[in-house]
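Secondary and tertiary structure notes
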Amino acid sequence: MIPGDFEFKQPASKDEALSMLRDGGDDARPLLGGQSLIPMMKLRMASPDILVDLRGLDDLRHISIGKSIHIGAAVTQHELIGSEELFNVCPIIRETALVIADPQIRYSGTIGGNVANGDPGNDMPALMQCLDATYILESSEGIREVKARDFYEAAYFTALQTGEIVTGIRFPKPESGHGYSYQKLKRKVGDYATAAAAVVLSLSGDNVKSASVALTNLADTPLFVEKAEDILVGSQLTLNTIRATMDAAEAIMEPVSDGRGSREYRTKMGGIMVKRAIEQAAMRADGTAKGGLFGWLKR
Amino acid sequence: MADTISEPSQSETSAERSQKLEGIGCKRKRVEDIRFTQGHGNYVDDVKLPGMLFGDFARSPYAHARIKHINKESALKVPGVLAVLTAEDLIPLNLHYMPTLAGDVQAVLAHEKVLFQNQEVAFIVARDRYAAADGVEALEVEYEELEPLLNALKALDDDAPVLRDDLAGKTEGAHGPREHHNHIFTWSAGDEAATQEAFDKADVVIEEYLAHPRVHPCPLETCGSVADMNPITGQLTLWGTFQAPHVVRTVAALITNIPEHKIRVISPDIGGGFGNKVGVYPGYVMSVVASIVLKKPVKWIEDRMENLSTTAFARDYHITAELAATKEGKVIGMRSHVFADHGAFDACADPSKYPAGMYHICTGSYDIPTAFCSVKGVYTNKAPGGVSYRCSFRVTEAVYTIERAMDLLAQKLDMDPAELRQKNLIQPEQFPYTSAFGWEYDSGDYPTAMAKTLEAVDYKKLRQQQAQMVEDFKAGTSREIMGVGLSFFTEVVGAGPSKNCDILGINMFDSCEIRVHPTGAAIARLGVKSQGQGHETTFAQILASETGLPADMITIEEGDTDTAPYGLGTYGSRSTPVAGAAAARAGRKIKHKAQLIASHLLEVHHDDLEWDVDGFAIKGMPDKRRSMKEIAWAAYNNLPKGMEPGLEAVDYYDPPNFTFPYGAYLCVLRIDVDTGVYSVDRFYALDDCGTRINPMIIEGQIHGGLTEAFAVAMGQLIDFDETGNILGASLMDFFLPTAVETPKWETDHTEVPSPHHPIGAKGVGESPHVGGVPAFSNAVNDAFRAFGGVHTHMPHTHSNIWNYARSLGMIDS
Ligand SMILES: Cc1cc2nc3c(=O)[nH]c(=O)nc-3n(C[C@H](O)[C@H](O)[C@H](O)COP(=O)(O)OP(=O)(O)OC[C@H]3O[C@@H](n4cnc5c(N)ncnc54)[C@H](O)[C@@H]3O)c2cc1C
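Note that the structure is a prediction, hence the values are computed from the model and not measured. (Residues numbered from 1 in each chain as written. Chains lettered and ligands numbered in written order. Predicted model: local features only at pLDDT ≥ 70, side-chain atom pairs only at ≥ 80, totals over all residues. Heavy atoms only, no water.)

1. Focus: the overall build of chain A
Going by this rule: Only DSSP runs of H or I with at least four residues qualify as helices, and only runs of E with at least two residues qualify as strands; both kinds are numbered from the N terminus onward. The globule rule used here is 2.2 Å times the number of residues to the 0.38 power, and the radius of gyration it is set against is calculated over C-alpha atoms. Each residue gets one of three labels from its accessible area relative to the maximum for its type: buried under 20%, exposed over 50%, partly exposed in between, using a 1.4 Å probe on protein chains only. Using the Shrake-Rupley algorithm and a 1.4 Å probe, accessible areas are obtained, with residue cover drawn only from the displayed protein chains. The charge count treats Lys and Arg as positive and Asp and Glu as negative. His and the chain ends do not count. The location of each charge is read from NZ of Lys, CZ of Arg, CG of Asp or CD of Glu.
Each helix and strand in chain A was counted, giving 13 helices and 14 strands. For 299 residues, the compact-globule estimate of 2.2 N^0.38 gives 19 Å, and chain A sits close to it at 20 Å. Projected onto its principal axes, the C-alpha coordinates of chain A cover approximately 60 × 45 × 30 Å. For chain A, the proportion of its 299 residues judged to be buried stands at 56%. Here chain A displays about 12500 Å² of accessible surface, and carbon together with sulfur accounts for 47% of that area. In chain A, 33 positive and 39 negative side-chain charges are present, and the distance between their average locations comes to 7 Å.

Below you can see the structure in the form of structure tokens.
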């Protein structure tokens with residue numbers, strides 16, 4: 001649990017950081033909260049020669065809310081939880097951040113590090129897919145944007161190129177009155193998900209107007225359940241449509257067997273998390289017919 | 001601080017004076033917490049000596065492999081690395097193997113073969129821990145993998161791989177003949193033939209396989225040591241995480257040939273032990289060797305993964321439990337067979353004379369006339385150890401056996417588990433009670449404890465609620481079920497009487513030495529060693545009650561072998577039963593001399609004096625008195641003719657018997673069948689630990705022990721894959737509950753003092769663990785009783801619970 005030797009650099013500006021990363025090439029790694037990278041270095045599973053610390057870069061620390069929401073990469077999970085503005089427009093961010101690790105880790109850990117890390121256990125990537133977020137990637141060569149739904153390739157493999165960093169995240173402001181839920185099954189505080197599901201939906205009368213479902217730690221990348229939209233939108237939330245969504249979600253899951261449970265158990269739990277997230281999101285959504293249609297949800 | 005105590009004024013009543021002493025029965029705040037809560041504890045890793053070097057182990061990546069070649073140069077060229085020590089370097093010193101407490105030997109550094117993953121292969125000494133870690137990474141070792149043996153139940157198969165080449169041809173082990181190359185011992189107790197007869201004539205019998213999986217005590221502070229061999233004086237000072245510092249000194253003298261008076265062992269503050277710090281580990285030995293070789297102090301500190309994967313696991317018992325009973329539910333026989341997985345070396349930290357420790361306490365709290373048990377110990381490719389994790393050796397296993405078995409029998413008889421227990425409890429008038437295995441239970445009132453428990457939780461109502469939930473589940477209106485788990489445990493603690501116990505031939509007495517200073521302050525030193533139990537608080541309370549000196553005026557010191565009297569350390573709840581008894585008796589010796597001094601001061605015969613809280617008074621004349629403070633002063637300047645000056649005493653106490661704390665625990669939990677997630681609604685724990693020295697500390701001990709019981713029953717597991725890779729040896733996976741997961745505990749007590757202990761105390765630190773594990777497991781199993789469940793193994797993780805529910809057809813898919 002002792003890291004090898006490395007050089008620690010603290011750039012004064014984003015440009016300086018980008019040129020340090022360019023010059024360092026594959027030997028350099030950006031550092032934000034260090035809550036994933038430092039443990040990996042202590043286990044000597046990562047051994048970068050140069051760490052470029054992005055925490056001091058003010059450009060990466062803002063949250064701005066307009067028609068879309070922009071969150072700087074260096075915003076900590078603790079800050080995400082504390083932001084009332086963000087909670088008012090997109091409460092699922094707080095709900096998700098609150099089930100990440102523990103308070104101490106959340107003081108340091110950032111949203112940028114969480115989404116860039118590429119660990120399938122991280123909770124923010126599935127949420128970003130659910131919210132259809134776009135990652136803003138910058139390098140000394142310039143800026144580009146990649147959708148969260150296209151960003152993840154395999155465990156620890158993402159669309160990020162050497163020398164490139166995530167500077168921020170942008171996603172459309174969810175429509176007001178939407179329902180949401182992040183359901184995470186874990187063994188204890190500080191654990192990664194046995195299975196987790198993010199659901200955002202909105203209702204119009206008895207019908208689902210929009211719906212988006214994504215999954216955490218149920219494959220070597222986060223999973224966006226594309227079929228969920230087809231199944232749910234335009235239909236009513238019945239046991240059958242929920243069951244069909246669970247089946248569609250379970251069909252794309254490929255969790256590994258580990259201390260959290262067998263592949264089979266984790267897959268079934270993925271389905272249950274989807275079910276519970278849809279149910280809770282529906283309960284929270286502004287709709288017209290909650291008394292009748294949703295009666296069965298309350299039993 | 002002597003000037004801060006005020007002389008008791010004549011007008012104070014004895015009750016007021018008694019309160020000021022803060023003696024037995026007082027909820028005195030823990031004095032050690034002043035430093036612990038302010039970050040001023042002094043742990044081994046806080047020891048920093050000039051020129052100190054740091055050692056770290058290169059460890060085996062394989063569970064079973066031959067070492068072909070070690071390229072020392074690869075590590076020696078790392079800047080800062082000063083030495084690379086391997087078994088070859090230890091052979092000339094005859095230190096490549098060391099004796100274990102269980103009569104086997106254990107490799108200090110692997111010689112020719114490695115026998116478990118993460119086994120110590122080379123010790124790399126460097127200027128600091130960073131360079132040492134770099135050296136570990138750089139060291140090149142060539143291995144040839146061998147077939148590993150991981151399943152203890154297959155260890156004695158004819159074609160099982162041979163693990164211990166060093167034992168080739170050895171047919172006699174430390175505990176009798178060896179039948180197979182992976183066999184360590186077979187041990188049995190009880191009357192086999194009579195037990196068979198009981199089973200033959202029984203109306204009802206049950207038999208079940210109960211796994212008690214491998215777990216780890218996981219103290220917050222890992223193990224470590226600092227060795228400082230002074231090349232000029234030949235004096236070795238060794239700081240370490242030792243639950244038994246004197247034993248370490250003796251072992252060190254025996255294996256290094258350094259004379260024992262030239263070895264000083266110091267256990268500074270210890271951050272939890274739970275059995276993990278009883279054994280002697282390669283790291284301790286290597287820090288000493290490296291200090292001798294390099295003539296500099298050398299520190300070794302484990303990291304969390306090393307702790308979980310190499311130093312002393314617990315349990316790993318594969319138990320078959322059987323009960324024979326009449327159809328009315330009277331148990332007439334008990335039988336148990338065990339396969340004990342001891343890992344690669346038999347390094348059990350077992351202080352008893354029996355290789356399965358006190359497993360034969362497994363008739364529990366019940367009047368069972370005949371019983372038999374046998375235990376086979378075997379080698380596997382796993383880390384050695386086998387420690388008593390918050391219990392006396394193998395007592396948690398034993399209590400688990402009988403308490404699960406009682407539930408299984410109740411189920412077979414279609415009887416309530418509380419009722420079955422009540423039918424079979426040992427009755428108060430049967431004490432002292434000799435069990436079928438020959439233990440003499442000293443005291444108890446079991447029916448009262450049981451009745452109080454059932455009443456406190458409104459047991460009948462719980463069963464009604466449970467029945468309602470079963471109905472709802474079956475009707476499809478709910479997906480939740482409820483379990484009620486009972487355990488009525490009896491422990492055997494306070495190792496121990498010399499007829500049952502020794503460590504390396506040394507009897508298991510313990511000791512206290514007290515010196516009263518002229519101003520009436522005192523220092524007492526004991527042979528045990530607190531790891532968080534609060535000895536500095538409670539032993540001062542015992543002495544306060546015995547000597548009449550206020551607890552605040554008594555310093556308690558432990559852990560330095562140069563100053564403390566010889567003792568066998570702290571584990572197995574032995575500190576209060578053994579050292580606590582020595583403290584009481586040393587206090588009485590002080591009081592005896594004080595009486596003679598008082599008779600001189602008051603000019604009366606000592607028989608005409610009576611003890612009055614904190615001094616002696618002339619019988620019938622309470623105003624004519626001398627306080628202990630006055631007597632202490634006189635001990636240094638005004639003594640009866642011929643009496644030697646000073647006020648000091650020493651006591652070495654070899655207990656006549658063990659003590660037998662007991663209790664009744666009840667757990668209520670609910671299970672969400674669709675996920676296997678449980679929630680503990682209620683946990684009620686009634687303990688009887690005899691005389692209660694400090695009720696607040698008792699409560700703290702119970703909370704801690706219940707939390708560890710919860711952890712073991714519901715989540716802890718040291719697991720391996722089929723090639724012997726250890727799985728989950730970090731706190732990400734190994735279940736150490738936080739405040740969020742930990743249930744709320746309700747504590748209660750009865751108080752039946754031990755008749756043979758000087759103050760009637762029985763020990764309490766381990767009861768909650770021993771009694772808690774079966775209470776949780778019984779609750780989980782009880783939840784499934786109405787659905788055809790019989791037994792599901794620990795740990796009761798979400799996924800295991802879910803799998804079990806599914807196997808019973810409770811989940812459709
Ligand atoms: C005990 C424990 C429990 C945890 N539990 C959870 C959990 O339940 N759920 C969860 O989601 N997370 C969990 N985490 C991880 C935690 O949330 C981390 O904070 C997060 O994964 C990484 O964020 P960070 O800011 O700490 O990033 P860092 O550790 O600094 O970096 C993570 C990775 O991202 C790279 N990186 C950092 N910044 C950038 C950037 N701007 N652009 C591109 N790449 C970058 C780094 O080089 C590194 O590879 C846990 C961590 C611990 C220690």
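Back to the text.
2. Regarding the overall build of chain B
Counted only if it meets this: Working rule for contacts: check all heavy atoms of both residues, and any pair within 4.5 Å makes them a contact.
Along its length, chain B carries 19 helices and 37 strands. Here the C-alpha atoms of chain B give a radius of gyration of 28 Å, agreeing with the 28 Å that 2.2 N^0.38 yields for 813 residues. Relative to its 813 residues, chain B shows a buried fraction of 64%. Of the contacts formed within chain B by residues at least 6 apart in sequence, a portion of 79% connects residues at least 24 apart. Carbon and sulfur atoms provide 51% of the accessible area of chain B, an area that totals close to 28500 Å².

3. With respect to the interface of chain A and chain B
Which entries qualify depends on this criterion: Note: buried area is the sum, over both parts, of the accessible area (probe 1.4 Å) each one loses when the two are combined. Salt bridge, as used here, is a side-chain nitrogen of Lys or Arg placed within 4 Å of a carboxyl oxygen of Asp or Glu. Here a polar contact is recorded for every N or O atom pair within 3.5 Å, except that within protein the pair must consist of a potential hydrogen donor and a potential acceptor, and residues adjacent in sequence are included only if both atoms are side-chain atoms.
Between chain A and chain B, the contact holds 23 residues from the first and 25 residues from the second. Between chain A and chain B, roughly 2100 Å² of surface is buried when both sides are summed, and carbon and sulfur atoms account for 57% of that area. Interface area lost by chain A to chain B is led by Arg44(A), Lys188(A) and Tyr265(A), which between them contribute 29%. On the surface where chain A and chain B come into contact, there are five salt bridges. Viewed at the interface, chain B and chain A are joined by eleven residue pairs in polar contact (both at pLDDT 80 or more). Of all the elements, helix H12 (residues 263–284) of chain A adds the most residues to the side of chain A that touches chain B, at seven residues.

4. Quick word on the packing of helix H11 (residues 239–252) of chain A against H12(A)
All names here are of chain A. Threshold: Only the stretch in contact is used when fitting a helix axis, every axis being a line fitted to C-alpha atoms; angles between N-to-C directions are given from 0 to 180 degrees. Geometric relationships in this document are graded by angle, where less than 35 degrees denotes roughly parallel, more than 145 denotes roughly antiparallel, 65 to 115 denotes roughly perpendicular, and other angles denote oblique. Two helices crossing with the near one rotated counterclockwise from the far one by less than a right angle form a left-handed crossing, whereas a clockwise rotation gives a right-handed crossing. Note on residue categories: nonpolar means Ala, Val, Leu, Ile, Met, Phe, Trp, Tyr, Cys or Pro, charged means Asp, Glu, Lys or Arg, and polar means any other residue, Gly included.
Where H11 meets H12, the closest approach of the two axes is 9 Å, and the angle between their N-to-C directions is 140°. Considered as vectors, H11 and H12 are oriented oblique to each other. Considering the relative orientation of H11 and H12, their crossing is right-handed. Residues Ile242, Thr245, Met246, Ala249 and Glu250 of H11 touch H12, and the partners they reach there are Thr267, Lys268, Gly271, Ile272, Val274, Lys275, Ile278 and Glu279. Counted by class, the contact of H11 with H12 contains six nonpolar, three polar and four charged residues.

5. Some points on the pattern of salt bridges
It is possible for side chains of opposite charge to pair when their charged atoms get near one another. All names here are of chain B. In this structure the tally under the stated criterion is 78 salt bridges over all chains. Among the ionic pairs, lysine 382 bridges to aspartate 341, the shortest N-O distance being 2.8 Å. Placement of the pair is lysine 382 in the loop between strand E19 (370–378) and strand E20 (385–387) and aspartate 341 in strand E18 (residues 331–341), with a sequence separation of 41 residues. The class for lysine 382 is buried, based on a relative accessible area of 8%.

6. What to know about the side chain of Thr267(A)
Within the element layout of this structure, Thr267(A) appears in helix H12. We classify Thr267(A) as buried; its relative accessible area is 15%.

7. A short note on a nonpolar patch on the surface
To keep things clear, this is the line we draw: Within this analysis, patches are made of residues with over 30% relative accessible area and no salt bridge. Like charges are joined at 9 Å or less; nonpolar side chains (Val, Leu, Ile, Met, Phe, Trp, Tyr) at 5 Å or less.
A cluster of nonpolar side chains, namely Met1(A), Leu43(A), Met45(A) and Met305(B), defines an oily patch on the protein surface of about 360 Å² accessible area. Examined against the element boundaries, Met305(B) turns out to sit in helix H9 (residues 304–310).

8. With respect to the site of the ligand
Condition: Being near a molecule or strand, for a residue, comes down to having at least one heavy atom within 4 Å of it.
Near the ligand there are 31 residues, and of these Pro30(A), Gly33(A), Ser36(A), Thr110(A) and Asp123(A) occur at the shortest range. Lying at an intersection of chains, the ligand is approached by residues of chains A and B. Backbone polar atom of Pro30(A) to an oxygen atom of the ligand: 2.6 Å apart, as the coordinates give it. For the ligand, an oxygen atom lies 3.0 Å from a polar atom in the side chain of Asn114(A). Summarising the interface, the protein chains cover 93% of the accessible area of the ligand, which totals 960 Å² for the free molecule. When residues of the shell around the ligand are traced back to their parent elements, those giving at least two are strand E2 (28–31), helix H7 (111–116) and strand E10 (165–172) of chain A.

9. Focus on the sheet that holds strand E33 (residues 662–672) of chain B
All names here are of chain B. Rules: For two strands to be treated as a pair, DSSP must find no fewer than two bridges joining them.
On the basis of which strands lie adjacent, the open sheet formed by four strands has the order E23-E33-E34-E37 and mixed pairing. Edge positions in the sheet fall to strand E23 (480–490) and strand E37 (746–749), since each of these pairs with one other strand and no more. Each strand axis lies, on average, 15° off the axis of its neighbour in the sheet, ignoring direction. The sheet strands contacting helix H13 (residues 459–475) are E23 and E33, and the helix crosses E23 at an angle near 145°.

10. A closer look at helix H10 (residues 395–413) of chain B
Residue and element names in this part refer to chain B. Selection criterion: In a helix, the anticipated span is given by 1.5 Å times the number of residues less one.
The terminal C-alpha atoms of H10 lie 27 Å apart, and with 19 residues this matches the ideal 27 Å at 1.5 Å per residue to within 8%. In terms of burial, H10 is a largely internal element, 17 of the 19 residues being buried. Among the residues trailing H10, aspartate 414 stands out with phi positive, at a value near 55°.

11. Concerning the nonpolar core
Keep this limit in mind: For this analysis, a nonpolar core means a set of buried residues of the types Ala, Val, Leu, Ile, Met, Phe, Trp, Tyr and Cys, connected via side-chain atoms within 4.5 Å.
In terms of nonpolar packing, the biggest core is built from 212 residues, with Tyr359(B) and Trp439(B) touching the most fellow members. With eleven residues, H10(B) is the single largest residue contributor to this core. Not counting chain neighbours up to four residues away, the residues in contact with Tyr359(B) comprise Tyr317(B), Ile319(B), Ser336(B), Val338(B), Cys373(B), Val375(B), Phe393(B), Arg394(B), Glu397(B), Ala398(B) and Thr401(B). Formed by 54 residues, the second largest nonpolar core is a distinct cluster that contains Leu32(A), Ile50(A), Leu60(A) and Ile69(A).

12. Focus: the packing of aromatic side chains
All names here are of chain B. Short version of the rule: Stacked, tilted and edge-to-face are the three classes applied to pairs of Phe, Tyr and Trp rings, where Trp contributes its six-membered ring and a pair requires centres within 6.5 Å; stacked means planes under 30 degrees apart, edge-to-face means over 60, and tilted covers the rest. The rule is short: NZ of Lys or CZ of Arg within 6 Å of the ring centre and within 35 degrees of the ring normal puts a charge over the ring.
All chains considered together, the criterion is met by 34 aromatic pairs over all chains. Residues phenylalanine 242 and tyrosine 284 carry aromatic rings whose centres are separated by 4.7 Å and whose planes lie at 85° to one another, so their mutual orientation is edge-to-face. Remark: tyrosine 284 occurs in helix H8 (residues 282–294) and phenylalanine 242 occurs in the loop between strand E14 (236–240) and helix H7 (245–256); sequence separation between them is 42 residues. Take phenylalanine 242 and tyrosine 284: they sit in the same class, and that class is buried. These aromatic residues form a ring-pair network of at least three members: Phe489, Tyr665, Tyr678, Phe683, Phe710, Phe735, Trp745 and Phe776. Over the ring of tyrosine 379 we find arginine 164; its NZ or CZ atom is 5.0 Å from the centre of that ring. Above the plane of the ring of phenylalanine 787 lies lysine 474, whose end atom (NZ or CZ) is 5.2 Å from the centre.

13. Focus: the domain arrangement of chain B
Residues and elements named next belong to chain B. As a reminder of what qualifies: Residue ranges for the domains trace back to a domain assignment, done automatically or taken from a database.
Parsing chain B into structural domains produces domain 1 (2–30 + 510–653), domain 2 (44–148 + 222–270 + 277–310) and domain 3 (313–495 + 658–807). Look at where the C-alpha atoms of domain 2 and domain 3 centre, and you get two points 37 Å apart. Each partner contributes residues to the interface: domain 2 has 24 residues there, and domain 3 has 23 residues. Summed over both partners, the interface of domain 2 with domain 3 comes to about 1900 Å²; 63% of that surface belongs to carbon and sulfur atoms. For the interface between domain 2 and domain 3, the tally reads zero salt bridges. Summed over the shared surface of domain 2 and domain 3, the result is seven residue pairs in polar contact (both at pLDDT 80 or more). Elements that contribute at least two residues to the side of domain 2 that touches domain 3 include exactly strand E5 (105–107) and H9.

14. Comments concerning the pairing of E10(A)
All names here are of chain A. Of all eight residues in E10, six are buried, a share of seventy percent or more. With five bridges joining them, strand E5 (residues 68–72) and E10 adopt antiparallel strand pairing. Looking across to E10, one finds that histidine 70 is bridged to arginine 170. Where strand E6 (residues 134–139) meets E10, five bridges bridge the pair, whose relative direction is antiparallel. Within the sheet, the bridge partner assigned to glutamate 138 lies in E10 and is isoleucine 165.

15. Focus on the UniProt feature "domain: FAD-binding PCMH-type" (unreviewed entry) in chain A
Short version of the rule: UniProt positions are given in the numbering used here, feature names are shortened, and annotations may be inferred rather than shown by experiment.
UniProt's entry tags residues 1–176 of chain A with the feature "domain: FAD-binding PCMH-type" (unreviewed entry), counted in the numbering of this structure. Split by type, residues 1–176 of chain A is 33% helix and 25% strand. Its first and last C-alpha atoms lie 47 Å apart.

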